[in-house]
Amino acid sequence: MRTQVGIVGAGPAGLTLARLLEVAGIESVVLEARDREYCEHRVRAGVLEQGTVDLLREAGVGERMEREGIVHGGIHLQFDGERHHVPMHELTGRNIVIYGQTEVVKDLIAARIESGLPLLFEVGDVRVDPDTARIEFVHDAEQQVLECDVIAGCDGFHGVCRPSIPADVLETFEREYAFGWLGILAQVAPSMDELVYAHNTRGFALLSLRSPELSRYYVQVRHDEDIAAWPDERIWEELHARTELDDWQLEEGPILEKGVTGMRSFVAQPMQYKKLYLAGDAAHIVPPTGAKGLNLAISDVRILAERLIEGSGLDGYSDACLRRVWRAEHFSYWMTTMLHKLEDGDAFDEQLQLSQLRYVTSSQSAKTSLAENYVGLTTL
Ligand code: APR
Ligand code: PHB
């Protein structure tokens, strides 16, 4: 088999890249380790920046998102028993759209299949060679070879593409956090109009949503917390305790899904080596507090697609991505450490967090800075 761009991984990065190339008449083959069902049902984040929304729409895969996505013009920061609104649209002219990553992936897979273009699920034993852009893999119990002009490594944090770059070429930066999020999907109308990020002495909580009937809520737990220790009643009790206000209460509903995810910050650079280009989680991870993971993945493939389509400038791909990546790394780290109960934190740390929260919710310039970062208006 031969193609122009061999894409490893059918997450948002790989699938969006495939779509952008298709629109420009460039051939690609997408190879995915898991089955379609698995890819379409992984519950992930759900905040799309305006730039992400525009790109999906322009690529012709935004129809359902336009109909079902929920536009928000702000977020709430809650601390010290009070909820403060950050009016992002008023401050930056930009909105965010609530639409699950899972839904984005479903739309992209459907579009790829509709176009009749190659997307192979359940491939095994994938080996990539950055020198030759040759990919070996097993599909339907048969050994296959895919010869490409370039390879796009969109295979997530645990993929095979990044490890195919020699260790002495790749510089990595990493921070692991002692805490993680226990997330639930509940069948109940969201109790709040916009997202609530809550700082609390018991730990962080986040109130988000997926639709007018589905709420997505999170509580901070230890990164290796056993979900079995969290029966539904305990989760609700903790959500209530961390988010309640004198005149406001969270509505409960049946929990449809729950799970714990750890958190890390990670960057590998350069994001390219010979004929291999990394994009999305394969190259970088952010903790979810800034809602940047998916948006960064889309931003990478936008840059990669533009350079592949123009047929020039691939050398500058990594540098072009990394400026935005590092901005998002800082913002996500900052939001995370401002809002979570820190593992070895003491009363001094907590006072610093509260002071910072008071500052970002009262100073016009600090509030604007947070809003610009949150909506992705940081074109450095
Ligand atoms: N061969 C083929 N596919 C692979 C391999 C492999 N060896 N290893 C992993 N994959 C697949 C995974 O099964 C997954 O479907 O690559 C895909 C990577 O997708 P994501 O992990 O979703 O990564 P990405 O597309 O970069 O999207 C980043 O996902 O994790 C969230 O918060 C993150 O929102 C961000 C987004
Ligand atoms: C989500 O809805 O899953 C979500 C929202 C905001 C975040 C992280 C996750 O910062």
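Everything that follows concerns the structure shown earlier in this document.
Cut-offs used in this document
Residues numbered from 1 in each chain as written. Chains lettered and ligands numbered in written order. Predicted model: local features only at pLDDT ≥ 70, side-chain atom pairs only at ≥ 80, totals over all residues. Heavy atoms only, no water. Helix = DSSP H or I, 4+ residues; strand = E, 2+ residues; numbered from the N terminus. Rg over C-alpha atoms; globule rule 2.2 N^0.38 Å. Buried < 20%, exposed > 50% of the residue type's maximum accessible area, 1.4 Å probe, protein only. Contact = heavy atoms within 4.5 Å. Areas by Shrake-Rupley, 256 points an atom, 1.4 Å probe, with all protein chains shown as cover. Lys, Arg positive; Asp, Glu negative; His and termini not counted. Charge placed at Lys NZ, Arg CZ, Asp CG, Glu CD. Pairing = 2+ DSSP bridges. Axes fitted to C-alpha atoms, helices over the stretch in contact; angles between N-to-C directions.

Some words on the overall build of the chain
Thinking step 1. Counting its secondary structure elements, the chain contains 11 helices and 19 strands.
Thinking step 2. Since a compact globule built from 380 residues should have a radius of gyration of about 21 Å, the 21 Å found for the chain is in line with a globular shape.
Thinking step 3. Considered along the principal axes of its C-alpha atoms, the chain spans approximately 65 × 40 × 40 Å.
Thinking step 4. Counting the 380 residues in the chain, one finds 56% classified as buried.
Thinking step 5. Across the chain, the fraction of contacts at a sequence separation of at least 24, relative to all contacts at a separation of at least 6, is 71%.
Thinking step 6. For the chain, the computed accessible surface area is about 16,400 Å², with 46% contributed by carbon and sulfur atoms.
Thinking step 7. Positive and negative charge centroids in the chain, built from 36 and 61 side chains respectively, lie 2 Å apart.

Examining the sheet that holds strand 12 (residues 171-186)
Thinking step 1. Spatially, 6-5-13-14-15-12-16-19 is the arrangement adopted by the 8 strands of the open sheet, whose pairing is mixed. Here the strands that pair on one side only, and so sit at the sheet edges, are strand 6 (82-86) and strand 19 (284-285).
Thinking step 2. By the bridge criterion, 5 bridges tie strand 5 (residues 75-79) to strand 6 in an arrangement that is antiparallel. Bridging across to strand 6, Leu 77 finds its partner in His 84.
Thinking step 3. Strand contacts of helix 9 (residues 317-339): strand 12, strand 13 (196-198), strand 16 (255-269) and strand 19, with the helix running at about 130° to strand 16, the strand carrying the most contacts.
Thinking step 4. Sitting on the sheet, helix 10 (residues 347-362) touches strand 5 and strand 6, and the angle it makes with strand 5 is about 145°.

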